[in-house]
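# Structural features, examined
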Amino acid sequence: MKPKIDYSIYLVTDRDLMSTETLELAVEQAIKGGCTLVQLREKNCSSLDFYNTAINVKRITDKYKVPLLINDRLDIALAVDSDGVHIGQSDIPCSVARKIMGEDKIIGVSARTLEDAIKAEKHGADYIGVGAMYATGTKKDAKYTSIDELRNIRKNVSVPIVVIGGINKERINDFEGIGINGLAIVSAIISQKDICTATNEIK
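## Focus: the overall build of the chain
Scanning the chain from terminus to terminus reveals 8 helices and 8 strands. In terms of overall dimensions, the chain is globule-like: its C-alpha atoms have a radius of gyration of 16 Å, near the 17 Å expected for 203 residues. Across its three principal axes, the chain shows a C-alpha extent of roughly 40 × 40 × 30 Å. Among the 203 residues that make up the chain, the fraction classed as buried is 50%. Here the contacts in the chain between residues at least 6 apart in sequence split such that 59% fall between residues at least 24 apart.

## Topic: the sheet that holds strand E6 (residues 127-130)
Read around the closed barrel, the 8 strands follow the order E1-E2-E3-E4-E5-E6-E7-E8; overall the barrel is parallel. For this sheet the average axis-to-axis angle between neighbouring strands, irrespective of direction, equals 25°. The pairing of strand E1 (residues 9-12) with strand E8 (residues 182-185) spans 3 bridges and is parallel. Across the sheet, tyrosine 10 pairs through a bridge with alanine 184, a residue of E8. This element, helix H2 (residues 47-64), spans strand E2 (37-40) and strand E3 (68-71) of the sheet and lies at about 160° to E3. Along the sheet, helix H6 (residues 147-156) makes contact with E6 and strand E7 (161-164), crossing E7 at roughly 165°.

## Things to note about the packing of helix H1 (residues 23-32) against helix H8 (residues 195-202)
Between H1 and H8, the least distance of the axes is 7 Å, while the angle of their chain directions is 40°. Once H1 is placed against H8, the crossing between them reads as right-handed. Of the residues in H8, those in contact with Ala26, Gln29, Ala30 and Lys32 of H1 are Ile195, Cys196 and Thr199. Across the contact of H1 with H8, the residue classes break down as 4 nonpolar, 2 polar and 1 charged.

## Observations regarding the side chain of asparagine 71
Positionally, asparagine 71 belongs in strand E3. Under the relative-accessibility criterion, asparagine 71 is labelled buried at 6%. Apart from residues lying up to four places away in sequence, asparagine 71 is in contact with Gln39, Leu40, Arg41, Lys43, Phe50 and His86.

## Considerations on a nonpolar patch on the surface
A grouping of Leu78, Ile92, Val96 and Ile100 is seen on the molecular surface, where their side chains present a nonpolar patch of about 290 Å² in accessible area. In this fold, isoleucine 100 is placed in helix H4 (residues 94-101).

The rules behind the values
Residues numbered from 1 in each chain as written. Predicted model: local features only at pLDDT ≥ 70, side-chain atom pairs only at ≥ 80, totals over all residues. Heavy atoms only, no water. Helix = DSSP H or I, 4+ residues; strand = E, 2+ residues; numbered from the N terminus. Rg over C-alpha atoms; globule rule 2.2 N^0.38 Å. Buried < 20%, exposed > 50% of the residue type's maximum accessible area, 1.4 Å probe, protein only. Contact = heavy atoms within 4.5 Å. Pairing = 2+ DSSP bridges. Axes fitted to C-alpha atoms, helices over the stretch in contact; angles between N-to-C directions. Left-handed = near helix turned anticlockwise from the far one by under 90°. Nonpolar A, V, L, I, M, F, W, Y, C, P; charged D, E, K, R; others polar. Patch = residues over 30% accessible without salt bridge, like charges linked within 9 Å, V, L, I, M, F, W, Y side chains within 5 Å. Areas by Shrake-Rupley, 256 points an atom, 1.4 Å probe, with all protein chains shown as cover. Salt bridge = Lys/Arg side-chain N within 4 Å of Asp/Glu carboxyl O.

Here's what the structure looks like:
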(Lines give C-alpha, C1' and ligand atoms only; values in the text may rest on other atoms or scores of the structure.)
Protein backbone atom coordinates (compact mmCIF):
# COMPACT_ATOMS: atom_id res chain seq x y z
CA MET A 1 0.00 0.00 0.00
CA LYS A 2 1.27 3.46 -0.94
CA PRO A 3 2.45 5.42 2.11
CA LYS A 4 0.95 8.81 3.01
CA ILE A 5 3.69 11.34 2.41
CA ASP A 6 4.45 14.53 4.31
CA TYR A 7 6.05 16.73 1.64
CA SER A 8 6.62 19.76 3.86
CA ILE A 9 10.43 19.66 4.26
CA TYR A 10 11.77 17.77 1.26
CA LEU A 11 15.56 17.38 1.21
CA VAL A 12 17.24 16.94 -2.18
CA THR A 13 20.82 15.73 -1.68
CA ASP A 14 23.94 17.06 -3.37
CA ARG A 15 27.25 15.60 -2.25
CA ASP A 16 29.17 18.49 -3.86
CA LEU A 17 27.47 20.97 -1.55
CA MET A 18 27.23 19.05 1.73
CA SER A 19 28.99 20.40 4.80
CA THR A 20 29.46 16.98 6.41
CA GLU A 21 32.04 14.31 5.66
CA THR A 22 29.41 11.80 4.52
CA LEU A 23 26.04 12.02 2.84
CA GLU A 24 24.60 9.64 5.42
CA LEU A 25 25.48 12.06 8.21
CA ALA A 26 23.96 14.98 6.30
CA VAL A 27 20.71 13.08 5.76
CA GLU A 28 20.52 11.98 9.38
CA GLN A 29 21.08 15.53 10.66
CA ALA A 30 18.40 16.87 8.30
CA ILE A 31 15.92 14.25 9.51
CA LYS A 32 16.69 15.09 13.13
CA GLY A 33 15.97 18.72 12.28
CA GLY A 34 12.55 17.90 10.85
CA CYS A 35 13.09 16.80 7.24
CA THR A 36 10.05 14.73 6.17
CA LEU A 37 11.17 13.32 2.81
CA VAL A 38 14.54 12.64 1.16
CA GLN A 39 15.39 12.53 -2.52
CA LEU A 40 18.78 11.00 -3.29
CA ARG A 41 20.19 12.84 -6.30
CA GLU A 42 23.49 11.63 -7.70
CA LYS A 43 24.43 13.18 -11.03
CA ASN A 44 28.13 12.37 -11.25
CA CYS A 45 28.80 8.88 -10.00
CA SER A 46 28.84 5.33 -11.34
CA SER A 47 25.82 3.08 -11.07
CA LEU A 48 27.64 1.01 -8.45
CA ASP A 49 28.44 4.07 -6.34
CA PHE A 50 24.86 5.30 -6.66
CA TYR A 51 23.56 1.87 -5.60
CA ASN A 52 25.89 1.64 -2.58
CA THR A 53 25.06 5.20 -1.51
CA ALA A 54 21.35 4.48 -1.85
CA ILE A 55 21.69 1.36 0.34
CA ASN A 56 23.50 3.36 3.02
CA VAL A 57 21.10 6.32 2.92
CA LYS A 58 18.10 3.98 3.01
CA ARG A 59 19.36 2.53 6.30
CA ILE A 60 19.10 6.03 7.75
CA THR A 61 15.70 6.86 6.26
CA ASP A 62 14.30 3.48 7.31
CA LYS A 63 15.59 4.00 10.85
CA TYR A 64 13.61 7.24 11.16
CA LYS A 65 10.69 6.06 8.98
CA VAL A 66 11.21 8.86 6.46
CA PRO A 67 10.45 8.01 2.81
CA LEU A 68 13.34 7.83 0.34
CA LEU A 69 12.95 8.73 -3.32
CA ILE A 70 15.60 8.20 -6.00
CA ASN A 71 16.22 10.89 -8.59
CA ASP A 72 15.89 9.76 -12.24
CA ARG A 73 17.12 6.19 -11.84
CA LEU A 74 14.32 3.63 -11.79
CA ASP A 75 16.88 0.81 -11.76
CA ILE A 76 18.44 2.07 -8.54
CA ALA A 77 15.01 2.66 -7.00
CA LEU A 78 14.00 -0.91 -7.76
CA ALA A 79 17.34 -2.35 -6.68
CA VAL A 80 17.17 -0.80 -3.20
CA ASP A 81 13.35 -0.93 -2.90
CA SER A 82 13.06 2.81 -2.27
CA ASP A 83 9.67 4.40 -1.65
CA GLY A 84 9.68 5.85 -5.15
CA VAL A 85 11.36 8.00 -7.78
CA HIS A 86 11.43 11.56 -8.99
CA ILE A 87 11.69 12.09 -12.74
CA GLY A 88 12.21 15.10 -14.98
CA GLN A 89 10.73 16.11 -18.30
CA SER A 90 13.61 14.50 -20.21
CA ASP A 91 13.49 11.21 -18.30
CA ILE A 92 11.42 8.09 -18.94
CA PRO A 93 7.70 9.04 -19.14
CA CYS A 94 5.67 8.96 -15.94
CA SER A 95 3.18 6.47 -17.40
CA VAL A 96 6.01 4.05 -18.19
CA ALA A 97 7.62 4.60 -14.78
CA ARG A 98 4.28 3.73 -13.17
CA LYS A 99 4.09 0.43 -15.07
CA ILE A 100 7.63 -0.44 -13.98
CA MET A 101 7.40 0.76 -10.37
CA GLY A 102 3.84 -0.38 -9.64
CA GLU A 103 0.95 1.36 -7.94
CA ASP A 104 2.42 1.24 -4.42
CA LYS A 105 5.42 3.47 -5.17
CA ILE A 106 5.58 7.26 -5.12
CA ILE A 107 6.34 8.96 -8.43
CA GLY A 108 7.12 12.66 -8.58
CA VAL A 109 7.53 14.64 -11.79
CA SER A 110 9.25 17.97 -12.40
CA ALA A 111 7.12 20.61 -14.09
CA ARG A 112 7.90 24.18 -15.07
CA THR A 113 4.63 25.03 -16.81
CA LEU A 114 0.92 24.38 -16.40
CA GLU A 115 1.05 22.12 -19.45
CA ASP A 116 3.80 20.00 -17.87
CA ALA A 117 1.89 19.78 -14.60
CA ILE A 118 -1.43 18.74 -16.15
CA LYS A 119 0.34 16.09 -18.22
CA ALA A 120 2.16 14.75 -15.17
CA GLU A 121 -1.04 14.42 -13.17
CA LYS A 122 -2.84 12.78 -16.09
CA HIS A 123 -0.06 10.21 -16.44
CA GLY A 124 -0.13 9.20 -12.79
CA ALA A 125 2.24 11.47 -10.86
CA ASP A 126 1.68 11.40 -7.10
CA TYR A 127 3.12 14.88 -6.72
CA ILE A 128 4.64 17.60 -8.89
CA GLY A 129 7.90 19.43 -8.29
CA VAL A 130 7.43 22.97 -9.63
CA GLY A 131 10.37 25.21 -10.51
CA ALA A 132 12.99 26.44 -10.63
CA MET A 133 11.37 29.24 -8.65
CA TYR A 134 14.62 31.22 -8.22
CA ALA A 135 18.21 31.15 -9.42
CA THR A 136 19.97 28.11 -8.03
CA GLY A 137 23.56 26.96 -7.97
CA THR A 138 22.56 23.31 -8.29
CA LYS A 139 21.19 23.74 -11.83
CA LYS A 140 23.02 26.37 -13.85
CA ASP A 141 20.72 25.97 -16.89
CA ALA A 142 17.44 26.00 -14.96
CA LYS A 143 14.50 27.80 -16.51
CA TYR A 144 12.27 29.67 -14.09
CA THR A 145 8.63 29.37 -13.10
CA SER A 146 6.84 32.53 -11.97
CA ILE A 147 4.70 32.77 -8.86
CA ASP A 148 1.72 33.48 -11.14
CA GLU A 149 2.36 30.27 -13.07
CA LEU A 150 2.66 28.40 -9.77
CA ARG A 151 -0.75 29.76 -8.72
CA ASN A 152 -2.17 28.68 -12.07
CA ILE A 153 -0.76 25.18 -11.63
CA ARG A 154 -2.20 24.95 -8.11
CA LYS A 155 -5.66 25.90 -9.40
CA ASN A 156 -5.56 23.27 -12.14
CA VAL A 157 -4.03 20.17 -10.55
CA SER A 158 -5.21 18.27 -7.49
CA VAL A 159 -2.05 16.33 -6.58
CA PRO A 160 0.44 17.74 -4.03
CA ILE A 161 2.86 20.43 -5.21
CA VAL A 162 6.42 20.93 -3.99
CA VAL A 163 8.39 24.03 -5.03
CA ILE A 164 12.10 23.81 -5.84
CA GLY A 165 14.95 26.02 -6.96
CA GLY A 166 16.68 28.52 -4.72
CA ILE A 167 14.30 27.92 -1.81
CA ASN A 168 15.55 29.18 1.56
CA LYS A 169 14.01 30.44 4.80
CA GLU A 170 13.96 34.06 3.58
CA ARG A 171 11.77 33.09 0.61
CA ILE A 172 9.22 30.87 2.35
CA ASN A 173 6.76 33.74 2.80
CA ASP A 174 6.58 34.14 -1.00
CA PHE A 175 4.43 31.01 -1.10
CA GLU A 176 1.97 31.94 1.62
CA GLY A 177 -1.64 31.37 0.63
CA ILE A 178 -0.88 29.55 -2.63
CA GLY A 179 -1.62 26.10 -1.28
CA ILE A 180 1.64 24.28 -1.92
CA ASN A 181 2.42 21.12 0.05
CA GLY A 182 6.14 21.39 0.56
CA LEU A 183 9.54 22.96 -0.01
CA ALA A 184 12.21 21.00 -1.87
CA ILE A 185 15.51 22.30 -0.55
CA VAL A 186 19.14 21.59 -1.39
CA SER A 187 21.82 24.08 -0.30
CA ALA A 188 19.76 25.90 2.37
CA ILE A 189 19.92 22.62 4.28
CA ILE A 190 22.78 20.46 3.08
CA SER A 191 25.41 23.22 2.76
CA GLN A 192 24.82 24.67 6.20
CA LYS A 193 27.37 24.26 8.97
CA ASP A 194 24.67 22.94 11.33
CA ILE A 195 22.29 20.98 9.12
CA CYS A 196 19.99 19.97 11.96
CA THR A 197 19.46 23.57 13.12
CA ALA A 198 19.09 24.88 9.55
CA THR A 199 16.38 22.32 8.83
CA ASN A 200 14.59 23.06 12.09
CA GLU A 201 14.58 26.83 11.40
CA ILE A 202 12.99 26.24 7.97
CA LYS A 203 10.42 23.88 9.48
